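Coordinate analysis (summary)
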Amino acid sequence: MSSSKQKKKILDRINEHDALLILKALANEDRSIARRIEQIALEHLRDIDVESVASQVYHALEGIEVEDLWEQSGSTRYGYVEPSDRAWEMFEEALEPFTNELNKYLDLSLENEAKNYCAGILKGINQFDRESTSEFKDWAEDAPDEFFERVLDDWKKACKTPELIQEMEDFIKHSLGN
């Protein structure tokens, strides 16, 4: 096997954890490589498609099965779990990867990107609220409105740029009809 084929095979076979360790080792060895890695990372992080985020949020919420709610609520061997309370928890759990990603943008001081990512989350929640016919939604009736406001408020608290807050308010008014 040629050396280039072997290298390609190795790159195709490493997992995310291995890739991260290798990337960090390269960055530690050479400052110019570290700067290039950071540059590529920023290019990747700045490429936010609001529609794609909204679609992912919508599908995560739409994917919550009412049967899972029923299995995880009501009388259990540990006591009684109110179905509507568990539904709210499940709604929050479905949004957690997205709010974690939003917080990453905020932690990196990528405010415009955070605004766009937040807009995608809000649009996905709004779409779920307006379009979903899932039986689960009936158990978490007010959750979409509550989490919409919570995500928006958390983003506003972290945002330091009044112009971005105004842009978000305009987006909500014109694109979401809220």
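What you see is a predicted model, and the numbers here were worked out from it, not measured in a lab. (Residues numbered from 1 in each chain as written. Predicted model: local features only at pLDDT ≥ 70, side-chain atom pairs only at ≥ 80, totals over all residues. Heavy atoms only, no water.)

Concerning the overall build of the protein
Along the protein, the regular secondary structure elements total 10 helices and two strands. Going from N to C terminus, the protein has its helices and strands arranged as α-α-α-α-α-β-β-α-α-α-α-α. Taking 16 Å as the expected radius of gyration for a compact globule of 178 residues, we find that the protein reaches 21 Å, considerably beyond that expectation. Viewed in the frame of its principal axes, the protein has a C-alpha envelope of about 60 × 45 × 25 Å. Buried positions account for 33% of the 178 residues belonging to the protein. Taking the contacts inside the protein whose residues are at least 6 apart along the sequence as the reference set, 67% of them involve residues at least 24 apart. With an accessible surface of roughly 11,600 Å², the protein has 48% of that area assigned to carbon and sulfur atoms. Both charge centroids of the protein, one from 22 positive and one from 40 negative side chains, sit 11 Å from each other. (Helix = DSSP H or I, 4+ residues; strand = E, 2+ residues; numbered from the N terminus. Rg over C-alpha atoms; globule rule 2.2 N^0.38 Å. Buried < 20%, exposed > 50% of the residue type's maximum accessible area, 1.4 Å probe, protein only. Contact = heavy atoms within 4.5 Å. Areas by Shrake-Rupley, 256 points an atom, 1.4 Å probe, with all protein chains shown as cover. Lys, Arg positive; Asp, Glu negative; His and termini not counted. Charge placed at Lys NZ, Arg CZ, Asp CG, Glu CD.)

A short note on the side chain of Arg86
Among the structural elements, Arg86 can be located in helix H6 (residues 83-107). Taking relative accessible area as the criterion, Arg86 reaches 11% and is therefore assigned buried. In contact with Arg86, other than residues within four places in its own chain, are Leu69, Gln72, Ser73, Val81 and Glu93.

Here we look at the nonpolar core
Formed by 43 residues in total, the largest nonpolar core has its most connected members in Phe136 and Trp155. Sorting the residues of this core by element identifies helix H4 (50-62), helix H5 (66-72), H6, helix H7 (111-131), helix H9 (143-158) and helix H10 (162-176) as the ones contributing at least two each. The element that contributes the greatest number of residues to this core is H6, accounting for nine residues. What Trp155 contacts, discounting residues up to four positions off in sequence, is Leu102, Leu106, Ala114, Lys115, Cys118, Leu164, Ile165 and Met168. (Core = buried A, V, L, I, M, F, W, Y, C linked by side-chain atoms within 4.5 Å.)

Comments concerning H10
With 15 residues, H10 extends 20 Å from end C-alpha to end C-alpha; this agrees with the ideal 21 Å at 1.5 Å per step. Taken together, the buried positions of H10 are Leu164, Ile165, Met168, Phe171, Ile172 and Leu176. In a view along the axis of H10, the buried residues occupy a sector of 115°, so they form one face of it. Exposed and facing more than 90 degrees away from the buried side of H10 are Pro162, Glu163, Lys173 and His174. Along its buried surface, H10 packs onto H4, H7 and H9. The positive-phi residue at the C-terminal boundary of H10 is Gly177, with phi of around 70°. (Expected span 1.5 Å × (residues − 1). Arc of directions from axis to C-beta.)

Quick word on a nonpolar patch on the surface
Side chains of Ile22, Leu26 and Ile33 sit close together on the surface and give an oily, nonpolar patch of about 220 Å² of accessible area. Positionally, Leu26 belongs in helix H2 (residues 16-29). (Patch = residues over 30% accessible without salt bridge, like charges linked within 9 Å, V, L, I, M, F, W, Y side chains within 5 Å. Salt bridge = Lys/Arg side-chain N within 4 Å of Asp/Glu carboxyl O.)

Some words on the confidence of the model for the protein
Averaged over all residues, the pLDDT of the protein is 90; the fraction at 70 or higher stands at 95%. Across the protein, H4 holds the top mean pLDDT of 97, while helix H1 (residues 3-13) sits lowest at 70. (pLDDT = per-residue confidence, 0-100.)

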